[in-house]
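A closer look at the structure
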Amino acid sequence: MADPMAMPGPGSPTMEVAPAWAVAAVALLGALVVVAALLDGILASRASGGPGRTMSGLARPFGEAARLMRQRRRTTVQADTVLWRIGGAGLLVTAALMVTVVPLGDWTVFDLDVGVMWFNAMDVMVWALVWLAGWGANSAHALVGGYRFLAHGLGYELPLMFALVAPAIAAESLNVGRVAAAQEGLWFVVWMPVAFLVYLLGVAAFSVWGPFAPALGSDVAGGVRAELSGVDRLLFETGRYALLAAGAAFAVPMFLGGGAGPLLPGWAWVLVKTLAVLTVLVWLRRRLPAFRPDTFMEVGWMVLLPAVLVQDLLVAVIAVWRS
Amino acid sequence: MVIDIAFWALGLVAVLSGAAVFYVDSMARATYALALSFVAVGLQVLFLQQNYVGVVTILMMVMEMAVMAVYMVMFMGMNPALMPMSMVHGNRTAVVVAVTTFLVLAAGILMVDWPARRGSPPADVTMALGESLMGPKMLVMAVVSPVMVATIVAGVVLAARRTRYDRFGDDLSRRPADDPQPGGVGR
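Residues numbered from 1 in each chain as written. Chains lettered and ligands numbered in written order. Predicted model: local features only at pLDDT ≥ 70, side-chain atom pairs only at ≥ 80, totals over all residues. Heavy atoms only, no water.

Under the defined criterion, the tally for this structure stands at 19 aromatic pairs over all chains. Plain terms: the ring middles of A:Phe212 and A:Phe296 are 5.2 Å apart, the flat faces sit at 90° to each other, and that makes the pair edge-to-face. Taken together, the residues A:Phe212 in the loop between helix 8 (193-206) and helix 9 (230-255) and A:Phe296 in helix 11 (residues 293-322) connect sequence positions 84 residues apart. Residue A:Phe296 is classed as buried on the basis of its relative accessible area, which comes to 1%. Site record: aromatic cluster; members linked through ring pairs are A:Phe119, A:Phe196, A:Tyr199, A:Phe206, A:Phe250 and A:Phe255. Sitting over the ring of A:Trp209, A:Arg285 keeps its end group 4.6 Å from the ring centre. Its end group placed over the ring of B:Phe168, B:Arg175 keeps NZ or CZ at 4.2 Å from the ring centre. (Phe/Tyr/Trp six-rings, centres within 6.5 Å; stacked < 30°, edge-to-face > 60°. Helix = DSSP H or I, 4+ residues; strand = E, 2+ residues; numbered from the N terminus. Buried < 20%, exposed > 50% of the residue type's maximum accessible area, 1.4 Å probe, protein only. Lys NZ or Arg CZ within 6 Å of the ring centre and 35° of its normal.)

Bringing the interface of chain B and chain A into the picture now. On the chain A side, the residues contacting the 32 residues of chain B number 36 residues. Between chain B and chain A, roughly 3100 Å² of surface is buried when both sides are summed, and carbon and sulfur atoms account for 77% of that area. Along the contact surface separating chain B from chain A lie one salt bridge. For B:Arg29, the salt bridge identified is with A:Asp80, shortest N-O distance 2.5 Å. Every element with two or more residues in the side of chain B that touches chain A is listed here: helix 1 (2-23), helix 2 (27-47) and helix 3 (51-75) of chain B. Here the side of chain B that touches chain A takes 13 residues from helix 3 of chain B, the largest share from any one element. (Contact = heavy atoms within 4.5 Å. Buried area = accessible area lost by both parts, 1.4 Å probe. Salt bridge = Lys/Arg side-chain N within 4 Å of Asp/Glu carboxyl O.)

A word on the domain arrangement of chain B. According to the domain assignment, chain B contains domain 1 (1-99) and domain 2 (125-180). On a C-alpha basis, the centroid separation for the pair domain 1 of chain B and domain 2 of chain B is 28 Å. (Domains from an automatic or database assignment.)

Below, the discussion takes up the pattern of salt bridges. Residue and element names in this part refer to chain A. The final tally for this structure, using the stated rule, is 14 salt bridges over all chains. Between Asp232 and Arg85 there is a salt bridge, and its shortest N-O distance comes to 3.2 Å. Of this pair, Asp232 sits in helix 9 while Arg85 sits in helix 3 (residues 81-99), and the two are 147 residues apart along the sequence. A relative accessible area of 9% places Asp232 in the buried class.

This paragraph deals with the packing of helix 4 (residues 115-136) of chain A against helix 5 (residues 140-171) of chain A. All names here are of chain A. At a minimum axis separation of 8 Å, helix 4 and helix 5 run at an interaxial angle of 170°. In this view, helix 4 runs roughly antiparallel relative to helix 5, as classed from their interaxial angle. Within the contact of helix 4 with helix 5, the residues separate by chemical class into 18 nonpolar, four polar and two charged. (Axes fitted to C-alpha atoms, helices over the stretch in contact; angles between N-to-C directions. Parallel < 35°, antiparallel > 145°, perpendicular 65-115°, else oblique. Nonpolar A, V, L, I, M, F, W, Y, C, P; charged D, E, K, R; others polar.)

Moving on to empty space enclosed by the protein. All names here are of chain A. One pass over the structure, following the stated rule, counts two cavities of 30 Å³ or more. If you add up the space inside the largest cavity, you get close to 40 Å³. Lining the largest cavity are Tyr156, Pro159, Leu160, Val198, Leu201, Gly202, Phe212, Phe296 and Leu304. Listing elements by their share of the lining of the largest cavity, those giving two or more residues are helix 5, helix 8 and helix 11. When grouped by side-chain class, the residues that make up the lining of the largest cavity number eight nonpolar, one polar and no charged. (1 Å grid on protein atoms, 1.4 Å probe; cavity = no way out; pocket = protein on both sides within 12 Å on 5 of 7 lines; lining within 4 Å. Points joined across faces, edges and corners; volume = space filled by probe spheres on them.)

Structure follows, in structure tokens:
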């Protein structure tokens with residue numbers, strides 16, 4: 001038996017660190033989750049108006065976490081508990097698996113030669129997990145929420161996949177470190193803006209965030225999380241923030257030049273850029289109207305998919321012309 | 001040693017969750033048992049250093065099972081998909097066919113003279129696999145894929161009950177179209 005998973009071989013721009021550093025990667029992801037939750041808490045307080053709201057906004061995520069940890073777990077009749085728990089807890093695991101391929105400056109936990117595909121496979125896992133979280137409770141509203149997510153999924157997933165294709169074509173590699181290294185001088189976001197925007201939309205979508213939140217809508221009693229309570233709900237919500245953070249982190253090597261930047265070291269620039277993208281994503285939550293699940297597929301296939309395919313064609317022509 | 005154990009453990013997961021598809025009594029569990037089986041196979045493929053093939057297997061199969069969950073509610077009348085139900089039918093025939101197939105394949109494995117390895121594997125085994133599968137037939141492959149897509153589109157068009165006259169009226173002038181399910185871009 002050969003060693004599993006041949007690494008990208010000599011000349012890889014990133015250095016794989018010892019597996020134990022995965023703990024540090026997860027801790028960093030956790031820190032980003034806390035920042036995103038704090039930011040969302042402040043924005044929520046400000047939206048509700050009144051003076052001196054910022055402080056109560058800062059306390060909001062911690063208060064909510066403490067409340068959920070003490071809350072008694074709700075049970076439903078004939079729930080499919082195994083699938084329900086897998087669905088609820090899986091989002092966080094998926095987000096952690098996503099960040100393993102994201103290089104922090106020069107270091108990466110898992111220097112896979114097909115890292116871009118790995119990220120893509122993980123974001124498809126969210127399809128299964130959100131639906132399972134909706135299915136498991138044996139509750140009509142939760143199941144409706146699960147199907148709303150899949151309806152969005154049919155619209156956003158293909159544009160997201162083709163948005164990830166553009167940087168890979170330009171870098172002639174599926175290794176995330178090489179994609180980052182290929183942006184020396186000119187970041188991909190500058191000459192593939194359509195792919196970048198569609199990617200951000202995809203991140204919001206697989207985090208069930210902002211315009212893609214009808215799966216959790218109050219019109220279906222909370223949708224997927226209608227029956228989620230206590231720690232299960234806390235895990236589900238943390239998982240959503242973690243997916244948002246992982247998506248923001250992956251945008252950095254794909255579109256924003258990785259660790260490139262003046263003065264600061266590479267790892268610091270990766271964190272700064274990740275925080276910037278994450279802030280925009282959190283802020284957008286209250287700025288965009290919801291996409292209706294029943295009509296979004298046509299938007300995805302008639303508008304986003306052709307737009308991103310034209311982007312891919314342009315990138316491919318430029319890549320051929322340059323070589 | 002650790003690698004061998006991991007490889008065989010994944011194989012065991014793949015076979016057992018594959019068997020679970022027929023043992024469980026819920027469509028959702030059967031669907032995702034099959035997904036787990038494919039994920040285990042995809043991870044095994046990573047051990048063969050076919051990283052691209054392994055990751056794509058995981059990606060496609062999980063997505064396929066999620067889409068299957070859509071269809072099982074769309075097309076199964078009375079929604080038995082949402083109730084406990086048996087995952088097997090035609091038991092006796094199925095068991096006979098399965099056992100016979102297993103015996104034939106196992107006999108084949110044991111009786112064939114396996115060739116010894118000549119040379120050593122190339123640096124990029126994924127590319128070597130692609131070239132040996134498709135290399136001389138690339139033109140055929142490139143032609144087949146648009147033909148397949150055209151066949152799917154034509155099949156859907158022929159199967160659809162509603163035509164453009166139902167949507168746009170007899171003189172094709174009605175705007176927006178009269179659809180039972182309106183789309184998102186207002187065609």
